[in-house]
Amino acid sequence: MKALVWHGKEDIRYDTVSDPSIENPRDAIIKVTSCAICGSDLHLFHNLIPAMLPGDIMGHETMGEVVEVGSAAKDSLKKGDRVVIPFTIQCGECDQCRRGNFSVCQRTNRKGGLGDKAFGHRTAGLFGYTHLTGGYPGGQAEYLRVPFADTTHIKVPDGIEDEKLLFLSDILPTGWQAAVQADIQPGDTVAVWGCGPVGQMTIRSAILLGAEQVIGIDHLPERLSMAAAAGAITINFEEESVVERLNELTGGEGPHKCIDAVGTESHVNLGQPDTLIDRAKQMLMVENDRPHVLREMIYVCRPAGVISIIGVYLGLVDKIPMGQAMNKGLTFRMAQAHVPRWTGDLLRRIEDGQIDPSFVITHKVDLSQGPEMYATFRDKADGCIKVMLQP
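As the structure is a computational prediction, the values presented were derived from the model and not from experiment. (Residues numbered from 1 in each chain as written. Predicted model: local features only at pLDDT ≥ 70, side-chain atom pairs only at ≥ 80, totals over all residues. Heavy atoms only, no water.)

Student: Quick rundown of the overall build of the protein chain? Include the residues and the values.
Tutor: Counting its regular elements, the protein chain contains 13 helices and 18 strands. At 20 Å, the protein chain has a C-alpha radius of gyration in line with the 21 Å of a compact globule built from 391 residues. Dimensions along the principal axes, computed over C-alpha positions, put the protein chain at roughly 60 × 50 × 45 Å. Residues counted as buried form 57% of the 391 residues belonging to the protein chain. Counting only contacts in the protein chain whose residues sit at least 6 apart along the sequence, the fraction spanning at least 24 positions is 72%. Accessible surface for the protein chain amounts to roughly 15,700 Å². Of this, 50% is attributable to carbon and sulfur atoms. Treating the 38 positive side-chain charges of the protein chain as one cloud and the 50 negative ones as another, the clouds have centres 5 Å apart. (Helix = DSSP H or I, 4+ residues; strand = E, 2+ residues; numbered from the N terminus. Rg over C-alpha atoms; globule rule 2.2 N^0.38 Å. Buried < 20%, exposed > 50% of the residue type's maximum accessible area, 1.4 Å probe, protein only. Contact = heavy atoms within 4.5 Å. Areas by Shrake-Rupley, 256 points an atom, 1.4 Å probe, with all protein chains shown as cover. Lys, Arg positive; Asp, Glu negative; His and termini not counted. Charge placed at Lys NZ, Arg CZ, Asp CG, Glu CD.)

Student: Go over the nonpolar core, please, and point to the residues and values.
Tutor: Here is a general trend for soluble globular proteins: nonpolar side chains tend to be buried in one another's company. Within the largest apolar cluster, 91 residues are counted, with the highest numbers of intra-cluster contacts made by Leu165 and Leu168. In terms of residue count, strand β3 (residues 28-37) provides more of this core than any other element does, 6 residues in total. Counting only domains with at least three residues in this core, you end up with domain 1 (2-170 + 337-390) and domain 2 (174-334). Setting aside its immediate chain neighbours within four residues, leucine 165 contacts Met63, Arg82, Val84, Val156, Pro157, Ile160, Leu347 and Ile350. Formed by 21 residues, the second largest nonpolar core is a distinct cluster that contains Ala191, Ile217, Val293 and Val300. (Core = buried A, V, L, I, M, F, W, Y, C linked by side-chain atoms within 4.5 Å. Domains from an automatic or database assignment.)

Student: So what's going on with the sheet that holds strand β4 (residues 56-57)? Residues and values would help.
Tutor: Ordered by their spatial adjacency, 3 strands build an open sheet running β2-β1-β4, and the pairing between neighbours is antiparallel. What marks the edges here is a single partner per strand, and that holds for β2 (11-16) and β4. Both strand β1 (residues 2-8) and β4 contribute to a ladder of 2 bridges, which runs antiparallel. Paired with tryptophan 6 across the two strands is aspartate 56, which belongs to β4. Across the sheet, helix α13 (residues 370-379) is in contact with β1 and β2; its angle to β2 comes to roughly 160°. (Pairing = 2+ DSSP bridges. Axes fitted to C-alpha atoms, helices over the stretch in contact; angles between N-to-C directions.)

Student: Describe the packing of helix α5 (residues 171-180) against helix α6 (residues 197-208), with residues and values.
Tutor: Axis separation between α5 and α6 bottoms out at 7 Å; the angle between their running directions is 50°. As judged from the angle between their axes, α5 and α6 are oblique. Viewed along their axes, α5 and α6 form a crossing whose handedness is right-handed. Side by side, α5 and α6 meet where Ile171, Leu172, Thr174, Gly175, Trp176, Ala178 and Ala179 of the first sit next to Pro197, Val198, Met201, Thr202, Ser205, Ala206 and Leu208 of the second. (Parallel < 35°, antiparallel > 145°, perpendicular 65-115°, else oblique. Left-handed = near helix turned anticlockwise from the far one by under 90°.)

Student: Describe the packing of aromatic side chains, with residues and values.
Tutor: Both the distance between ring centres and the angle between the ring planes are used here to describe each pair of aromatic rings. A full pass over the atoms with the stated rule returns 1 aromatic pair. Against the face of tyrosine 136 rests arginine 110, its NZ or CZ located 4.3 Å from the ring centre. The side chain of arginine 204 reaches across the aromatic face of phenylalanine 359, ending 3.7 Å from its centre. (Phe/Tyr/Trp six-rings, centres within 6.5 Å; stacked < 30°, edge-to-face > 60°. Lys NZ or Arg CZ within 6 Å of the ring centre and 35° of its normal.)

Student: Which residues make up the UniProt feature "domain: Alcohol dehydrogenase-like C-terminal" (unreviewed entry) in the protein chain, and what values do they have?
Tutor: UniProt's feature table lists "domain: Alcohol dehydrogenase-like C-terminal" (unreviewed entry) at residues 197-268, given in the numbering used throughout. With 40% helix and 19% strand, residues 197-268 has its two end C-alpha atoms placed 20 Å apart. (UniProt positions renumbered as here; feature names shortened; annotations may be inferred.)

Student: A description of α6 should follow, citing residues and the corresponding values.
Tutor: For α6, which comprises 12 residues, the first-to-last C-alpha distance of 17 Å matches the rise-based estimate of 16 Å (1.5 Å per residue) to within 8%. Counting buried positions along α6 gives 9 out of 12 residues, so the element sits mostly inside the fold. Taken together, the buried positions of α6 are occupied by Pro197, Val198, Gly199, Gln200, Met201, Thr202, Ile203, Ser205 and Ala206. Of the surrounding elements, those touching the buried residues of α6 are α5, β11 (189-193), β12 (213-218), α7 (221-229) and β14 (257-260). Trailing α6 by a residue or two, glycine 210 shows a phi angle of about 100°, which is positive. (Expected span 1.5 Å × (residues − 1).)

Student: Give a description of the pairing of strand β6 (residues 82-85) that names residues and reports values.
Tutor: Neither face of β6 is open: one carries Arg82 and Val84, the other Val83 and Ile85, and all of them are buried. As defined by bridge partners, strand β5 (residues 62-69) adjoins β6 across 4 bridges and the pair is classed as antiparallel. From the neighbouring strand, methionine 63 faces β6, where its bridge partner is valine 84. Direction of pairing for β6 relative to strand β10 (residues 154-155): antiparallel, over a ladder of 2 bridges. Of the residues in β10, the one forming a bridge with valine 83 is lysine 155.

Student: Explain the pairing of strand β17 (residues 363-366) to me, and be specific about the residues and the numbers.
Tutor: As paired elements, β17 and strand β18 (residues 387-390) share 4 bridges and run parallel to each other. From the neighbouring strand, valine 365 faces β18, where its bridge partner is leucine 389. In this fold, the crossover linking β17 to β18 by way of α13 has right-handed handedness. (Right-handed = clockwise from strand over helix to strand, strands pointing away.)

Student: Summarise the state of the cysteines; cite the residues concerned and give the values.
Tutor: On inspection of all chains with the given rule, the structure shows 0 disulfides. For the unlinked cysteine cysteine 91, the closest cysteine sulfur is that of cysteine 105, found at 3.6 Å. Given the relative accessible area of 1%, cysteine 91 is considered buried. (Disulfide = S-S within 2.5 Å.)

Student: If you had to explain the environment of phenylalanine 102 to someone new, which residues and values would you point to?
Tutor: By the element assignment, phenylalanine 102 lies in the loop between α2 (95-98) and α3 (112-119). Taking C-alpha positions, phenylalanine 102 is 24 Å from valine 192, a pair spaced 90 residues apart along the chain. Ignoring sequence-local partners within four residues, the contact set of phenylalanine 102 consists of Thr88, Ile89, Gln90, Cys97, Ala124, His338, Pro340 and Arg341.

Student: Which residues make up the domain arrangement of the protein chain, and what values go with them?
Tutor: Considered domain by domain, the protein chain is made up of domain 1 (2-170 + 337-390) and domain 2 (174-334). Computed over C-alpha atoms only, the centres of domain 1 and domain 2 are separated by 26 Å. Counting from both sides, the interface comprises 24 residues of domain 1 and, opposite them, 18 residues of domain 2. Carbon and sulfur atoms supply 71% of the area that domain 1 and domain 2 bury against each other, a total of about 2,000 Å² over both sides. In terms of surface lost to domain 2, no three residues of domain 1 exceed Trp342, Phe359 and Ile385, which account for 30% of the buried area on that side. One can count 0 salt bridges joining domain 1 with domain 2. (Buried area = accessible area lost by both parts, 1.4 Å probe. Salt bridge = Lys/Arg side-chain N within 4 Å of Asp/Glu carboxyl O.)

Here is the structure:
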């Protein structure tokens, strides 16, 4: 089969690889109908996570048709079922899965020893996302083996196009969780840093959850326009002070809830000197992440407010103002998304027309064009916000 394969920093190739096969009775094989490039795939593209190996298949936003089912998954799946595959692999049986904390499943990371050393405790297995999370082949391919398939799938109905359903795999439930864990209350002002695909879903989720005022922060005109189309007030951080504008919009009190949909690669901006320092430290390998957004959120958030972190961080950050956070009484909530916790509700909202996630797609191309689309997505060229790939 054909797949997008990692060969090193900024080197993704459209290669011929071995077809997947059933390896465990709980497995299934799906024929991929659609997949996507995620912003967090760019962390791997940039080789910021030192746990990729040449030959690893990329991708964790995937849907398709079941073509083969292992003997232990036949009560849950059958050939021909149409499914979206969550980016998290969950056993459904461990303590964390029973609590609904699917992204920290205790059983699915088949290389859990690496996770134990890196994080203190292993997290769930993830598709196409380094050997710290199991080294599972990803879904930017013609076929995908789904481990623990009896619990790692979302059945979806016929009659709704892939474009509306694909993002149940990641960015829609991720944006939803970002808003939910912010504990949005009526009357709240919610500020969202980053108007990429996850930020766009977060903005719309915050509005659906009853925020009175939602503010989107970015610098790319096409992203800001997309955020404004949802009803957000927008701030271009290259044209005005984020802190001053947020205080102006909140009567000097700051947002009730601040959401980080950026993560490790905050934009380097001459007007924000700490971003230059972070980039230098990153190049010298004395800091993994560029946490400008975290610093800014802590400084501007209203006392007793909530900091919700859904953007991916990788390792060590520097100069985080914990004194400000503690004395202001801020609450931090963060996680990789617990996808299946939210997808039943979100699928119903898609079917009812409350949400149509397809708005975020700017580029829809054949899988064979994946290598060049990684570069386009990285460079934000051609107004690129979200890339959908089809084998």
